[in-house]
Structures are given as C-alpha cells and as structure tokens.
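Letter by letter, the chains look like this.
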There are 2 protein chains.
Amino acid sequence: MGGASHPRDTPGMPSDTPASPNDVAAARLLSARPRLVAVRPAGEVVPGLEPGLILHAAPPQAWEDMSELLRGGMIGAALNEGLAATPEEAASAAAAGSIRFAAAQDHASMAGGVGSITASTPVVVVEDAATGARAFHPVMEGLEGKALVLGMYEPDVLTRLRWMAEELAPALDRALQIVGGIDAHALMAEGLRRGDELHNRNAATSSLLAELLAPGLAQAGLTPAAADRVFSFIATNPQFFVAVSLAACRLACDAADGVPGSSLVTACGANGTEAGVRISGVPGRWFTAPAEVPEGVLFDGFTAADAGRGCGDSLLIECYGLGATVLAAAPALWPVVGVGEARARELFAGARQTALGEHADYRVPLLDDAPAPAGVDARRVLETGRRPIIDIVMVHRELGRGAVGFGLTSPPAACFEQAVAALDATAPD
Amino acid sequence: MGGASHPRDTPGMPSDTPASPNDVAAARLLSARPRLVAVRPAGEVVPGLEPGLILHAAPPQAWEDMSELLRGGMIGAALNEGLAATPEEAASAAAAGSIRFAAAQDHASMAGGVGSITASTPVVVVEDAATGARAFHPVMEGLEGKALVLGMYEPDVLTRLRWMAEELAPALDRALQIVGGIDAHALMAEGLRRGDELHNRNAATSSLLAELLAPGLAQAGLTPAAADRVFSFIATNPQFFVAVSLAACRLACDAADGVPGSSLVTACGANGTEAGVRISGVPGRWFTAPAEVPEGVLFDGFTAADAGRGCGDSLLIECYGLGATVLAAAPALWPVVGVGEARARELFAGARQTALGEHADYRVPLLDDAPAPAGVDARRVLETGRRPIIDIVMVHRELGRGAVGFGLTSPPAACFEQAVAALDATAPD
C-alpha cells in the first residue's frame, strides 16, 4: 500500500527502554480486535445494568444537575422502558431516587449523543476474540428528524424504538449468528479507505456492514414485509455503523484501563453539563469540568446561541484515534463540520503529538496511508497544550429541538490537569 | 455541500451565444439519467447481437490483426458460447468468417478489458427513464486470478461463467424487478463521496449496490446455499459495480452521438492492437492508431516489458468525466496506479481544459466538491495537446498470464487528428 514510510518513533513511546506504564497501556489499547457478534437487549449483556438504572453519556451526573436536554433523554428512556407512565412521573421518580443513573462508560458501554441504555435497549455486542471482553452501544436510531438519541420522546419516536426492539434487533441478531459474526476491525480499516472517519461519517462502512449482514438477513426467516422494513431502515441510516465503531472504541479503552502509572485517556465524554475523562492509572475516577459548547456549521435557521454544551460518549472515539483525528480520511464530511484540507491535516499532526502509539490497520489514504495516532496521553496534553479535538453533532440546548449543526469541541484542560495531578498523587515517592 | 464556488465558464461552452453543436451534444451527454433495471442474456437485449457474433473492446478489429491477448478472449468467448468445441476450432471458424466480430461500443455496449459479449453473456441493463434508451455491460467476473475478461478460458473460468449465467444473473434480475430498479446516477454520485473513481476503484459503490439489491435478493426465492453463493460473489468482487458505471457512460455517450458538427468524443477504446475514438459529428466512424502500452505500478515479479498494449472499452469512462479524471476522489487508488495528490489534482485540472461541460451531481469532495469535467472535445485535445488520461489495469501481453499491474495511458493523438479532420471535411463550406 504505497511506498511512503512513516516514522515509528512516536512521542512518549521510546523503543529502547523497559516497557513504561504508558507502553503497556498503549499495547493493550492496540491489541483489541473487535468482532460484532450479537445484538441483544442490554439487560441480558451489559454488566451491572439493574432494573431502574439508566445509563447515559459520561461523566456521571446527578438528576438535579442534569441539563434540560439530558433530562429529556432520561425521561424518554424511562417512558420507553416503562419505568414511568408520564414525563412528570419519570421526573418525580428520578428526583426521589427510584430511577437511578450511571455513566455508560463505567458499564463497558457507550451512549452517543443524549442517548441512553436501559434493560430493554437493543445493543450491539462487540467482542474481543482473544480475551472474550465485550462492549456495547445501542443500535442507532438515526439522527434525521426526531430521535431519543437527540432527547426526544414523542409517540412516533417510542413507536420506532419498540419496532427496533421487537423486529429489527432480533433480525440483526439472527443474521449475525447465521454469518458467524463480523470482523469490525477489518470493516473500520476499510471504512477509512471509503471516506468515513467513523464518528460523524459512517455511510460507506454502514453499507459494507449491510452487505455482510445481508446473507444472514436473507436466511433469518423474515416475512417479505419485515425484510423490507429491516433492509430499508439500514439503507436509510448512514450512521448505522457508529454503534459498532463506538463499542469497538470502548472495548479497546477498557482493555487499556487500570495500568498503574499510565496517563492514557481511557474514557471521555460530555453529558450536556460536564465533560470528563478517566485515565488508565486512576481507574474508576472521573475528572470533570463544565462542558464547552461546540463551534461549527449550523443548519439553516439556527444561530450559535442555539447550540447546547457538548453531549455524548462519542468524544472518546477521537481519543482512540478515529473521528476528527482522521478527518483527512473523510473529505465529504469537511464542509459539514467546517474544516478544509489544511485543517484536517493539522488535526492529524496535532493528535500525533499527544498519542501513545499508532494503529497498524487504521490508515489514512490521503496521508500516504499514515497510521492513525492511537490514544491520548493526558500528560502530553498538558505539556503541549493540545487537547483532543472532536467532531460532534450539535444539539439544541432546548429540549425537543433536535440537531442544529455539526462542529468541533474539546474536553476542558481542567479535566486533564486534575487527572494528571491524581495520577501523580498515586506515585510511590 | 461546502461553500466553494466553481467557475461555470467552461472552455468551449459559452453561455451567451446560440447553442453550438458541442453545446447540444454536451447537453445530451449530461441529460442521461441511468437506472439499473435488469440483468439479462445479451442475446435478448443487445441490438444486432446475432448468433455467431462476438462483441469486443473497440475499435473493430479483424481476426488477422488481433493481438494474441484479444484472440484469447475471443476464443474463450466462442468456447463459452458453444460456437466451437476447441480453441483450434474457434480459431479456424474465426479465420473462415463463420465466427464474426464487432465493437461492443457500436452495439450500445461496453466490453471492459479483454472481455466479450455473446448471446448468452449476462449483461447489466442500464436505462434512461426519460428516453427509454438502454446500454449494456457484462456482469463482472472480477479481476482477481483467472477470468475471461483477462483473456483466460481454463475450465474453472468457464465453470464460473456458467454459474454466473445460470444462477447469479437470474437472481440479480429477480432482485432488480422486486426492488423496482436502482438509480445508478445517484449511486455514482455517492460513490465519489465514498472514495471510488468508478473505473478501477468501485469498492464502496459495489457495497452500496449490494445493500440496495439485498432486499430483492432476500425475496428472490433463492435456496440458502444459492443465497450464500450470490451474496458472497458480490461481497468479494470490489469491481462488481464497474459494469454499471461503464454501461451508464455508454448510455450518456450514445445520447450525445450524431450531432452534426460536434467534436465531442462519444466512443473510445483500445483492443490490444489499435486504439480508437468516435466523435459525435461523424457517427459510426472509428479513428484509430496503434494503442500505447500503459505505464504504472507493476505487481511483484513483472517488468514493464510484460505489459501489453492497452485493451478495453473502459477508456471511455475518463472521456465521460470519471475514472482518472476524478482520481482525486479515490486516494486509496493512488498508490495502486502510482499517482500522488498533486498529480491527481492535475489530472482533474487538465481534463477541465478539454471538457465541454460539468457533471452537476458527480463531484469531488477533496476538490471542494468541484463538479467532474464532462466530455472531451477532440478539437480542444489538439489545441491544448492534452489527451484524456486513463487509469487502467495492465494485462500481460502473453495470453494466459493475466493482470500485471495498474497504470495510466492515453489514446494516441493521431485518433483525435483524424477525427477532427473528418469532421472538418463534413462542414458545408
């Protein structure tokens, strides 16, 4: 694939010294090989997902402090799960503590946007064949029009969710069992060659996934009408694959978590109020600060003042090395997020400066097949002043208004400062 | 779709004068809207395809003057069609004139590589909804390993062709009838956004086509084993879509043909011996010269001396405005054909200088969504000295050796010189 050479002396990863904590964490991050193996109700597969618990985008947030937008998502989830009969009842139950909340990333899961996971939520199951480890993300509703992932819970949204749980998800699961699972790692590598960056552009990889699911779906015993509904849902949902790429990213970051002394970012998200990161050497602790408002390209009829603070676990995918980090792979997305070629190249070069490794199989054709920078070293973020830059869907700060555009954002520097301080406090001397 | 503006004052297409012959021809070229509507045996649909006739890559070539490679393709076609029982019998029948030959492009068809069309060849049927006009290309065997499209006719090649005719093609046709045809124009526009240039890279567009065929295939009444074979054939054939893009190109060029006074190139090909072009104002006449040997990137184990002269009707696709003309859309193909970003941009800029229009829907994301240059003005080729540049699979000049690499080539200047001279000779004064 081309004759270009790529420097292997990645900052922070010297090759002639004993394996440092960051070497170990990066090696674990890079060793994950995600396979899409199933689509199941979350209650059957997501660890610790008890009845009455709703998982949302990180960091964890008490009901009292949730943004209006996230509250909307949580109310919709409660209605969808049957935890409450009305929005008012859901809000009361949440305030009283009988409906509880946690960060999806603390449960081997990811919740994109204002999304949520409850026991009946159908999730994609991504598995590392070597370790058996698993990670999860809800099957994507799509971002066009109204959707619970945008905090909306009108009757037609809930009707679609019920159809997804009752017909779509079982069909996808049967198809996956028939084809014996799908190599998500290979799909993602090829997706980068087909103009996707695997965060806000997944059009080609979604088609590739559909192509590989098709023989299984054809043999899944669907009625013609059901087959039409399932195929049509996938074909009109260009973000269908993002569920897999986000789960794959969670799988790799969980593999890298808990290495004493490592400053590798292993979780990152924003919940509409706070943004937060976790790092490998201080497992289980979130370091948070007020989330920033993304800046970018607004849809017609909206102004910058309409955009709410960032929300979604998908911030992690750039830390993993995809999304805006490899925006150079996805020229069709550039005008959507307001970036040109020079800026796309700069995003890649900037990410290299804080990365702890390189993805051997995730490469960018436009950049002479350069490997994607893998992982973010929180310490290097402070040293260089370069925070991870994320491309993100912007959601209206008022509940029920939906998406207002696409842009860029970053986790606040304070998250990294606190994380590194906490890591230093764990040092033996 | 970006905020960049694109100059509309295309050379040769002034907007403030009455419609010139080239304006008329370009408008017809650009008006074609190809739909993939069927897959049928060529004998049922291709005009003038009588028994005993074999269509091959243009220009027309007498058996005596055919290259060894093209002869191989023709012998294989005769064996596959049952026109002869042995290669020797086929050669004798060809020499005696009982097997006859013609250029596919003179029959609303395209023959990629060393490919052929006989009565039983399954062809994709591309139709212009507005005019009912049709164009055809054989269902692609694939370019990996042995294939008749590379001039090979071993038993396993013929076995696969039989399977394609008996199981694959009827399944594809049923699927197309069930889904009501597929908008090839929209697929091609989206393919350019997914890293294909629609000549030697069609990976993403093939997946997109598979995705849209899948619901039809699921309802086509295939046995599970047959469904597996059909889906697997498509999923492992990244050039599957090229049959459609080449037929779409033929459809548009036929629509533009026969405009008195127009120097628009409406046919272009090479047959392993000669290369040739037709132009709109001198319909039905080929202007030929010895085909050049492509130059590019050879597979391991081959040298430049192994490559044969160019062969295939696909040279036309660059004249239409796709392929190498929009190589900037397909960075993953650059190292395969030995081109970098600067050269890819230059190919686009160069093609603009000889184009007669712009494709409103075929755009290149990397170039700020600039529209693909549409059509080649043979007169402008002479004035600028810029011949169309084509990316092409290089085939070994010895029969049976298959592909040796990928590179670039151009039709000889003499083709354009003769065409323009003939056009000038038709002028009233």
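Everything numeric here is computed off the predicted structure, so don't read it as measured data.

Our focus in this paragraph is the overall build of chain A. Scanning chain A from N- to C-terminus turns up 14 helices and 16 strands. With respect to the three principal axes, the spread of C-alpha positions in chain A is 60 × 50 × 45 Å. Considering only contacts in chain A between residues 6 or more positions apart, those separated by 24 or more positions represent 71%. Here chain A has roughly 14,500 Å² of accessible surface; of this, 53% comes from carbon and sulfur atoms. Distance between charge centroids for chain A: 2 Å, based on 30 positive and 49 negative side chains.

So, on to the relation of the copies chain B and chain A. Here two copies of a chain appear, and what relates them is a rotation about an axis with a shift along it. Superposing chain B onto chain A takes a rotation of 180° combined with a translation of 0.0 Å along the rotation axis, leaving an RMSD of 0.0 Å. Both copies of the chain, as the preceding transformation shows, are related through a two-fold rotation axis. Residue by residue, 100% of the interface of chain B is reproduced at the interface of chain A, so both copies engage with the same surface.

The subject of this paragraph is the sheet that holds strand β15 (residues 390-395) of chain B. The strands that make up a sheet pair up through hydrogen bonds in the backbone, lying either parallel or antiparallel. Residue and element names in this part refer to chain B. Here three strands make up an open sheet; going across it, the order is β11-β16-β15 and the pairing antiparallel. Each edge of the open sheet carries a strand with a single partner, namely β11 (295-298) and β15. Ignoring which end each strand starts from, the neighbouring axes of this sheet average 30° apart. Bridge analysis of β11 against strand β16 (residues 403-409) gives four bridges, and the strand direction is antiparallel. When the sheet's bridge partners are listed, E295 is paired in β16 with L408.

We now examine the domain arrangement of chain A. Residues and elements named next belong to chain A. Segmenting chain A into domains produces domain 1 (34-244) and domain 2 (258-426). Centre-to-centre, using C-alpha coordinates, domain 1 lies 21 Å away from domain 2. Taken together, the contacts link 39 residues of domain 1 with 48 residues of domain 2. Buried surface at the junction of domain 1 and domain 2, summed over both partners, amounts to about 3,300 Å²; 61% is from carbon and sulfur atoms. Area buried by domain 1 at its contact with domain 2 is led by L192, E197 and H199, which between them contribute 19% of it. Taken together, the connections running from domain 1 to domain 2 amount to one salt bridge. Between R278 and D106 there is a salt bridge; the shortest N-O distance is 3.1 Å.

Residue and element names in this part refer to chain B. If you trace the three strands from one edge of the open sheet to the other, you get β3-β2-β4, paired in mixed fashion. Each of the sheet's edge strands pairs with one partner strand only, and the pair in question is β3 (100-103) and β4 (116-117). Two elements, strand β2 (residues 53-56) and β3, share four bridges in a ladder whose sense is parallel. What sits directly across from L55, in β3, is A102. Along the sheet, helix α3 (residues 68-81) makes contact with β2, β3 and β4, crossing β2 at roughly 140°.

Applying the stated criterion to the full structure yields nine aromatic pairs over all chains. Plain terms: the ring middles of F299(A) and F406(A) are 6.1 Å apart, the flat faces sit at 65° to each other, and that makes the pair edge-to-face. In this pair, F299(A) is assigned in the loop between β11 (295-298) and β12 (311-312) and F406(A) in strand β16 (residues 403-409), connecting sequence segments 107 residues apart. A residue is classified by how much of its surface remains accessible, and F299(A), at 36% relative accessible area, is partly exposed. The exposure class of F406(A) is buried, given its relative accessible area of 14%. Aromatic side chains Y320(A) and Y362(A) sit 6.3 Å apart centroid to centroid with 75° between the ring planes, which places their arrangement in the edge-to-face category. Placement of Y320(A) in helix α10 (residues 315-320) and of Y362(A) in strand β13 (residues 357-364) is noted, with a sequence separation of 42 residues between them. For the residue pair Y320(A) and Y362(A), the accessibility class agrees, reading buried in each case. Of the aromatic side chains, those joined through ring pairs into one cluster are W163(B), F233(B) and F240(B).

With that settled, the discussion passes to the packing of helix α8 (residues 224-235) of chain A against helix α7 (residues 203-218) of chain B. Where α8(A) meets α7(B), the axes come as close as 10 Å, and the angle between the chain directions of the two elements is 175°. The orientation of α8(A) relative to α7(B) falls into the category roughly antiparallel. Between α8(A) and α7(B), the residues in contact are D228(A), F231(A), I234(A) and A235(A) and E211(B), L212(B), A214(B), P215(B) and A218(B), respectively. For the contact of α8(A) with α7(B), the per-class residue count stands at seven nonpolar, no polar and two charged.

Here chain A averages 94 in pLDDT, while 96% of its residues score no lower than 70. Considering only residues more than four positions removed or in separate chains, one finds that residues 1-14 of chain A, a stretch of pLDDT under 50, has 31 contacts.

This next bit is on the interface of chain B and chain A. Facing the 34 residues of chain B at the interface are 34 residues of chain A. Between chain B and chain A, a total of about 2,600 Å² is buried, with carbon and sulfur atoms accounting for 58% of that surface. For the pair chain B and chain A, the number of links is four salt bridges. For E341(B), the salt bridge is made with R345(A), and the minimal N-O distance between the two is 2.6 Å. Taken together, chain B and chain A are joined by 13 residue pairs in polar contact (both at pLDDT 80 or more). Among the elements of the structure, α6 (184-193), α7, α8 (224-235), α11 (334-337) and α12 (341-354) of chain B are those that each provide at least two residues to the side of chain B that touches chain A.

Attention now goes to the pattern of salt bridges. Two side chains with opposite charge may pair up if their charged atoms get near one another. What the rule picks out here adds up to 44 salt bridges over all chains. Put simply, R343(A) and E346(A) hold a salt bridge, and the shortest N to O gap is 2.9 Å. Here R343(A) and its partner E346(A) are both found in helix α12 (residues 341-354), three residues apart, which amounts to about one turn of the helix. Looking at E346(A), the relative accessible area reads 44%, which means it is partly exposed. One network of salt bridges, with partners in common, ties together E190(A), R193(A), R194(A), D196(B) and R201(B).

Looking now at helix α14 (residues 413-426) of chain B. Residues and elements named next belong to chain B. End to end, α14 covers 20 Å across 14 residues, agreeing with the expected 20 Å (1.5 Å per residue, within 8%). When α14 is considered as a whole, its buried residues turn out to be C415, F416, A419, V420, A422 and L423. Taken end-on, α14 shows its buried residues confined to a sector of 160°, consistent with a single buried face. Of the surrounding secondary structure, the elements contacted by the buried residues of α14 are β8 (265-271), β9 (274-279), β10 (287-290) and α13 (378-384).

For the rest of this paragraph, the subject is the pairing of strand β6 (residues 134-138) of chain B. Residue and element names in this part refer to chain B. Here β6 lies mainly inside the structure; four of its five residues are buried. Where strand β5 (residues 122-128) meets β6, five bridges bridge the pair, whose relative direction is antiparallel. If you follow V126 over to β6, its bridge partner there is A135. Linking β5 to β6, which pair antiparallel, is a turn of five residues; within it G132 sits at a positive phi near 80°.

We now examine unusual backbone geometry. Note on backbone geometry: most residues besides glycine have negative phi, and most peptide bonds are trans. Residue and element names in this part refer to chain A. Here A58 and P59 are connected by a cis peptide whose omega angle stands at -5°. Locating P59 in the fold gives a position in the loop between β2 (53-56) and α3 (68-81). Here the phi dihedral of D369 falls at roughly 60°; this positive angle occurs in a residue that is not glycine.

To continue, consider the side chain of T121(A). Note on placement: T121(A) falls in the loop between β4 (116-117) and β5 (122-128). Contacts of T121(A), omitting those with residues within four sequence positions, involve R40(A), P41(A), A42(A), E81(A), S116(A) and P138(A).

Quick look at the environment of E417(A) now. All names here are of chain A. Structurally, E417 is set in helix α14 (residues 413-426). Among the residues examined, E417 registers a relative accessible area of 44% and is labelled partly exposed. The sequence separation of E417 and A378 amounts to 39 residues, and the corresponding C-alpha distance is 8.0 Å.

With that settled, the discussion passes to the state of the cysteines. Throughout the structure, instances matching the rule amount to zero disulfides over all chains. C249(A) provides the cysteine sulfur closest to C253(A), a residue in no disulfide bond, and the two sulfurs are 4.6 Å apart.

Rules and cut-offs
Residues numbered from 1 in each chain as written. Chains lettered and ligands numbered in written order. Predicted model: local features only at pLDDT ≥ 70, side-chain atom pairs only at ≥ 80, totals over all residues. Heavy atoms only, no water. Helix = DSSP H or I, 4+ residues; strand = E, 2+ residues; numbered from the N terminus. Contact = heavy atoms within 4.5 Å. Areas by Shrake-Rupley, 256 points an atom, 1.4 Å probe, with all protein chains shown as cover. Lys, Arg positive; Asp, Glu negative; His and termini not counted. Charge placed at Lys NZ, Arg CZ, Asp CG, Glu CD. Least-squares fit on C-alpha atoms with pLDDT ≥ 70 in both. Pairing = 2+ DSSP bridges. Axes fitted to C-alpha atoms, helices over the stretch in contact; angles between N-to-C directions. Domains from an automatic or database assignment. Buried area = accessible area lost by both parts, 1.4 Å probe. Salt bridge = Lys/Arg side-chain N within 4 Å of Asp/Glu carboxyl O. Phe/Tyr/Trp six-rings, centres within 6.5 Å; stacked < 30°, edge-to-face > 60°. Buried < 20%, exposed > 50% of the residue type's maximum accessible area, 1.4 Å probe, protein only. Parallel < 35°, antiparallel > 145°, perpendicular 65-115°, else oblique. Nonpolar A, V, L, I, M, F, W, Y, C, P; charged D, E, K, R; others polar. pLDDT = per-residue confidence, 0-100. Polar contact = N/O pair within 3.5 Å; in protein donor to acceptor, adjacent residues only side chain to side chain. Expected span 1.5 Å × (residues − 1). Arc of directions from axis to C-beta. Disulfide = S-S within 2.5 Å.

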